[in-house]
Amino acid sequence: GIQVEQSPPDLILQEGANSTLRCNFSDSVNNLQWFHQNPWGQLINLFYIPSGTKQNGRLSATTVATERYSLLYISSSQTTDSGVYFCAVDGGTYKYIFGTGTRLKVLA
Amino acid sequence: GAGVSQSPSNKVTEKGKDVELRCDPISGHTALYWYRQSLGQGLEFLIYFQGNSAPDKSGLPSDRFSAERTGGSVSTLTIQRTQQEDSAVYLCASSLVATIQSSTDTQYFGPGTRLTVL
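Notes on the structure in this doc start here. These figures come from a predicted structure and were not determined experimentally.

## Points about the overall build of chain B
Point 1. Regarding its fold elements, chain B presents 0 helices and 10 strands.
Point 2. Beginning at the N terminus, the succession of helices and strands in chain B can be written as β-β-β-β-β-β-β-β-β-β.
Point 3. The C-alpha atoms of chain B give 14 Å as radius of gyration, which agrees with the globular expectation for 118 residues (13 Å, within 12%).
Point 4. Overall size of chain B, expressed as C-alpha extent along the three principal axes, is 40 × 25 × 25 Å.
Point 5. In chain B, which comprises 118 residues, the proportion classed as buried is 47%.
Point 6. Within chain B, contacts between residues separated by at least 24 positions form 56% of all contacts whose residues are at least 6 apart in sequence.

## So, the sheet that holds strand β6 (residues 65-69) of chain B
Residue and element names in this part refer to chain B.
Point 1. The strand order across the open sheet built from 4 strands is β1-β3-β7-β6, with neighbouring strands paired in antiparallel fashion. Among the strands making up the open sheet, the edge pair consists of β1 (5-7) and β6. Neighbour to neighbour, the strand axes of the sheet diverge by 15° on average, direction disregarded.
Point 2. Relative to strand β7 (residues 75-79), β6 runs antiparallel, the two sharing 5 bridges. Note that in β7 the partner of F65 across the bridge is I79.

Rules used throughout
Residues numbered from 1 in each chain as written. Chains lettered and ligands numbered in written order. Predicted model: local features only at pLDDT ≥ 70, side-chain atom pairs only at ≥ 80, totals over all residues. Heavy atoms only, no water. Helix = DSSP H or I, 4+ residues; strand = E, 2+ residues; numbered from the N terminus. Rg over C-alpha atoms; globule rule 2.2 N^0.38 Å. Buried < 20%, exposed > 50% of the residue type's maximum accessible area, 1.4 Å probe, protein only. Contact = heavy atoms within 4.5 Å. Pairing = 2+ DSSP bridges. Axes fitted to C-alpha atoms, helices over the stretch in contact; angles between N-to-C directions.

This is how it looks when you write it as structure tokens:
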């Protein structure tokens, strides 16, 4: 099956700093999504991005499908950005495969 | 309600007992997913329902796990003869359709049920 790897596994930032999170996947995928899981466990979809670039406020994402990776950019980080960021891919079977996540902590 | 709801939010049970976890998807969503998240880990796919089609049960870890979806809406995940390794957060998600092709079709997650098996 498709393997999904995320890096870094852990990240600590000072408020206001920028960061880049990476998701590598081992095979072609039909779609890719980024999720944020807040400290209370709620998962929220950030981006549906099987290819190309999207931006939403301080967050943006880029997927290069031909090279099998996606990047999530967080600019001017805030303490509310803390939590775990997951990417999830669907290889065409509707069984979304989640990466192990990047745990982000933003310090005030 | 507007979102996916799950009940109970917490469940503590003794090893060997059966448990039932409930998921109410967003009204009109035809696809429903169950995932399991062990402490500090990513999400593990368990089962997927699409409309009235037969569910994809390929992610269920053992025959002690089963799930049903009545009337294309509410779903129940049942774990029989619970074991300590079943302790985890069980998450349910729904989406408008299974073939997610745009951001409007994305998966919406419930708050989860935290299961603790003593």
